[in-house]
Amino acid sequence: MTQESTKDLTLEEMVIVAQQGDLDILNHLLKAYQPFIAKCVSGVCKRYIDPEQDDEFSIGLSAFHSAIETFSPDKGSSFLSFAKLVITRRIIDDIRAKQRYPDSVSLDETFDAEKMENPREIKAVKDAYKEEQDIWYRRQEILDFQKKLAAYKISLSELTEVAPKHKDARESAIRTARILFNDADMKQYVHKKKRLPMKDLVKKVDVSKKTLERNRKYILAIFIVLDKEYLYLNDYLKGVGQ
């Protein structure tokens, strides 16, 4: 089944199709939900998880695969709720097996709703917890982003100074970064050289070489955000430059 033919399917329906042996759908789900997996794993490990470097992400990915294989819509929960539970348990088991933080559990598991009879109180606690976690995740992403910027000899403070001031200029720079990211050869060049492939890029975009030079650091920063699939930083780019 092609990705085009699944546009009208719900996530739960795609999981069922994957269970029936459709490898294209299975691979699509495993790739598309990597940010979700990383967030679930981070919630247990209490730190930012890099999909390319952290072993815990591989464990989470395997658990997500298992969730796809064992999910049953008859049990009443959504697939993502079920997958989060499977990932959380698998990561906690791994932590305990390695005897690191043996008492570590997700804050989700320490929340005892049975002691609260007021639904509004329960919702308020859950909302506060979610807000706290979101702040923590964003902070971890920004810290990791700073490290990645440093590899390109760009600082976060410098980035705020060189970012295009006008909306149209920012959208143009983001669009250029997307073109750069989606071209396999240019993407490989950036990874290796840590700079823009100016000669090839100027042929692909509708902006001058002078403009590319002026926005070089900002374009590279956006490229890093796209490349690392940051869950929160990517929210700022949704629908922009496409």
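Structure: see above.
The shown structure was predicted, so the numbers you read here are calculated from the model rather than taken from an experiment. Along each chain, the written sequence defines residue order, and numbers are assigned to residues from 1. Residues qualify for local features only when their pLDDT is at least 70, as the model is predicted, and side-chain atom pairs are given and counted only at 80 or more; totals for whole chains, interfaces and linings, by contrast, use all residues. With hydrogens and water set aside, each side-chain value is computed from the structure's full complement of heavy atoms.

Visitor: Could you give an account of the overall build of the protein chain, with specific residues and numbers?
Guide: Along the backbone of the protein chain there are 13 helices and 0 strands. A run of H or I in DSSP counts as a helix once it spans at least four residues, and a run of E counts as a strand once it spans at least two, with each numbered from the N terminus. Sequence-ordered secondary structure for the protein chain, helices as α and strands as β, is α-α-α-α-α-α-α-α-α-α-α-α-α. Each residue is placed in one exposure class: buried if its accessible area under a 1.4 Å probe, protein chains only, is under 20% of its type's maximum, exposed if it is over 50%, and partly exposed if it falls in between. Burial statistics for the protein chain: of 242 residues in total, 40% are counted as buried. By definition in these notes, contact holds between two residues if any of their heavy atoms fall within 4.5 Å. A sequence separation of at least 24 residues applies to 59% of the contacts in the protein chain between residues at least 6 apart. Only the protein chains shown count as covering a residue, and every accessible area follows the Shrake-Rupley method with a 1.4 Å probe. Split by element, the accessible area of the protein chain, about 14800 Å² in all, is 50% carbon and sulfur.

Visitor: Could you give me a rundown of helix H1 (residues 11-19), with the residues and numbers involved?
Guide: Think of an α-helix as 3.6 residues a turn; residues three or four steps apart then line up on the same face. Buried within H1 we find Leu 11, Met 14, Val 15, Val 17 and Ala 18. Taken down its axis, H1 places every buried residue within 160° of arc, on the same side. Buried residues along H1 sit against helix H2 (23-32), helix H4 (55-70) and helix H5 (79-97). Where H1 terminates, the next one or two residues include Gly 21, which has phi positive at roughly 105°. Note that the arc is defined by the directions from the helix axis to the C-beta atoms.

Visitor: So, empty space enclosed by the protein: which residues are in play, and what are the values?
Guide: Cavities and pockets are found on a 1 Å grid laid over the protein atoms alone: a cavity is a set of points where a 1.4 Å probe fits but cannot escape, a pocket is an open set with protein on both sides within 12 Å along at least five of seven lines, and a lining residue has an atom within 4 Å of such a point. Grid points are joined across faces, edges and corners, and a volume is the space filled by probe spheres set on the points. For the structure shown, the criterion picks out 2 cavities of 30 Å³ or more. Its volume calculated, the largest cavity comes out at about 150 Å³. Residue lining of the largest cavity: 15 residues in total, with Ala 38, Lys 39, Tyr 48, Glu 141 and Leu 231 positioned closest to the centre. Per-element tally for the lining of the largest cavity: the top contributor is helix H3 (residues 34-45), with 5 residues. Its residues assigned to classes, the lining of the largest cavity shows 9 nonpolar, 2 polar and 4 charged. In this classification, the charged set is Asp, Glu, Lys and Arg, the nonpolar set is Ala, Val, Leu, Ile, Met, Phe, Trp, Tyr, Cys and Pro, and all remaining amino acids, among them Gly, are polar.

Visitor: A description of the packing of aromatic side chains should follow, citing residues and the corresponding values.
Guide: To pair, rings of Phe, Tyr and Trp, with the six-membered ring standing in for Trp, must have centres within 6.5 Å; the planes then decide the type, stacked if under 30 degrees apart, edge-to-face if over 60, and tilted in the middle. In the structure shown here, the tally under the stated rule is 7 aromatic pairs. Ring centres 6.5 Å apart and planes at 85° place the aromatic pair Tyr 33 and Phe 36 in the edge-to-face group. Measuring from centroid to centroid gives 5.8 Å for Phe 71 and Phe 82, while their planes differ by 50°, and the two rings are tilted. Of this pair, Phe 71 sits in the loop between H4 and H5 while Phe 82 sits in helix H5, placing them 11 residues apart in sequence. An aromatic cluster is built from Tyr 33, Phe 36, Phe 64, Phe 71, Phe 79 and Phe 82, whose rings are joined through pairwise contacts.

Visitor: Would you mind going over the environment of Met 14 in detail, with residue names and values included?
Guide: One can find Met 14 in helix H1. By relative accessible area, which is 10% here, Met 14 ends up buried. Separated by 14 residues in the primary sequence, Met 14 and His 28 have C-alpha atoms spaced 9.6 Å apart.

Visitor: Break down the nonpolar core for me, citing the residues and quoting the values.
Guide: Counting residues in each nonpolar core, the largest one holds 32 residues, and the members touching the most others are Leu 29, Phe 64, Ile 68, Phe 79, Ile 87 and Ile 91. Contributing elements (two or more residues each) for this core: H1, H2, H3, H4 and H5. Residue contributions to this core peak at 8 residues, all from H5. Dropping the residues within four chain positions of it, Ile 68 is found in contact with Val 15, Ala 18, Gln 19, Leu 26, Leu 29, Leu 30 and Phe 79. Take the buried Ala, Val, Leu, Ile, Met, Phe, Trp, Tyr and Cys residues and link them wherever side-chain atoms come within 4.5 Å; each set so joined is a nonpolar core. Counting 31 residues, the second largest nonpolar core, distinct from the first, contains Leu 159, Tyr 218, Ala 221 and Phe 223.

The quantities given are spatial measurements derived from coordinates; they are silent on function.
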